[in-house]
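Residue-level structure breakdown
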Amino acid sequence: MCTSSIPVQYRPVETPVETSAEDSSSRSRAPEAGGRSRKLDYPPAPEPLPFPVMDNHTHLDFRDGQVAVSATDAMDAAEAVGVGFAVQVGTDVESSRFTVDAVSRDSRLLGAVAIHPNEAPVLAQAGTLEDALAEIEHLAQHPRIRAIGETGLDYFRTGEDGRERQEYSFRRHLDIARRLDLALQIHDRDAHDDVVKVLRSEEPPARVVFHCFSGDADLARICNDNGWFMSFSGTVTFKNSRGLREALDVADPSLILTETDAPFLTPHPFRGQPNASYAVAYTVRFMAEHLGTDLEELCRTINANTRRAYGEWE
């Protein structure tokens, strides 16, 4: 249910408001494959949630849509609809530095830093992966960085020739998270079996989060057995995501988190439009309706689960 038009922070204006280089988005979302056009206006503001939840995976450094929105403005829009907190996620050295800066400026943000699985083979081939990993470990020691991620395996965009380097990077990130006692945010695309294999072959950190959970009920049961958090994004609302909804049905409620992965994966019926943390309210409301659960009860559960995964924001 929508209660208003697009939040003011995301509406195009004739004369854009200048923002500082440190506070504005630094990267743009790639064009759609095949040159397909997209609707570039943001979804309307959803009805506020009855209890605050956290968007535990967002990319505030990515620009999308027709306007550049600062981290502070993004959180103002989210807080207005009951998404009071978020985890800003780095995917390379540059965005991880952005993350440290953002969490230092806004107490509603915590951070995660890493080298993305698809970036790792590129850096390894260039001979710079070790330097990048050293920088990630250095940035991870900031007190408001609470996770190493997103890291893991991606067999969709990286071919077989890069998988060995991906796995090496994944294991290095896992080691950093374990030594620094940080959560581990997993990127798992078309690689469920091998991600689980790596986790089982190592001593994983105490808190593991499957970001943008993309598995089926069988993977959800494996997560239940191991105490691994499952973070559901807007994909669970897609009409073709029956397997995800079956996973949600069997997921241990104490392990359920939610996220946007903004600016990607905008929930139905706004799929393809730019995403933002405020839109996680659509996903949470869908999850409650699908599960037949009281909305406030689910919000409180997600809030408590997210704090167990990352600690306190305040």
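Structure's up top.
Here we summarise the structure given alongside this text.

Taken as a whole and judged by the stated rule, the model has 18 salt bridges. The salt bridge involving Arg97 is made with Glu135; its shortest N-O contact spans 3.3 Å. Of the two residues, Arg97 is situated in helix H2 (residues 93-105) and Glu135 in helix H4 (residues 129-139); the sequence distance between them amounts to 38 residues. Note on Arg97: relative accessible area 48%, which makes it partly exposed. For Arg242, the salt bridge goes to Glu246, with nearest N and O atoms at 3.1 Å. You can see Arg242 and its partner Glu246 sitting in helix H8 (residues 242-250), four residues apart, about one turn around the helix. Note on Arg242: relative accessible area 63%, which makes it exposed. Residues joined in a network through salt bridges with shared partners are Asp76, Glu79, Asp106 and Arg108.

Along the chain, Thr72 turns up in helix H1 (residues 71-79). For Thr72, a relative accessible area of 30% corresponds to the partly exposed category. When the C-alpha positions of Thr72 and Phe156 are compared, they lie 33 Å apart, and in sequence the two are 84 residues distant.

Conventions adopted
- Residues numbered from 1 in each chain as written.
- Predicted model: local features only at pLDDT ≥ 70, side-chain atom pairs only at ≥ 80, totals over all residues.
- Heavy atoms only, no water.
- Salt bridge = Lys/Arg side-chain N within 4 Å of Asp/Glu carboxyl O.
- Helix = DSSP H or I, 4+ residues; strand = E, 2+ residues; numbered from the N terminus.
- Buried < 20%, exposed > 50% of the residue type's maximum accessible area, 1.4 Å probe, protein only.

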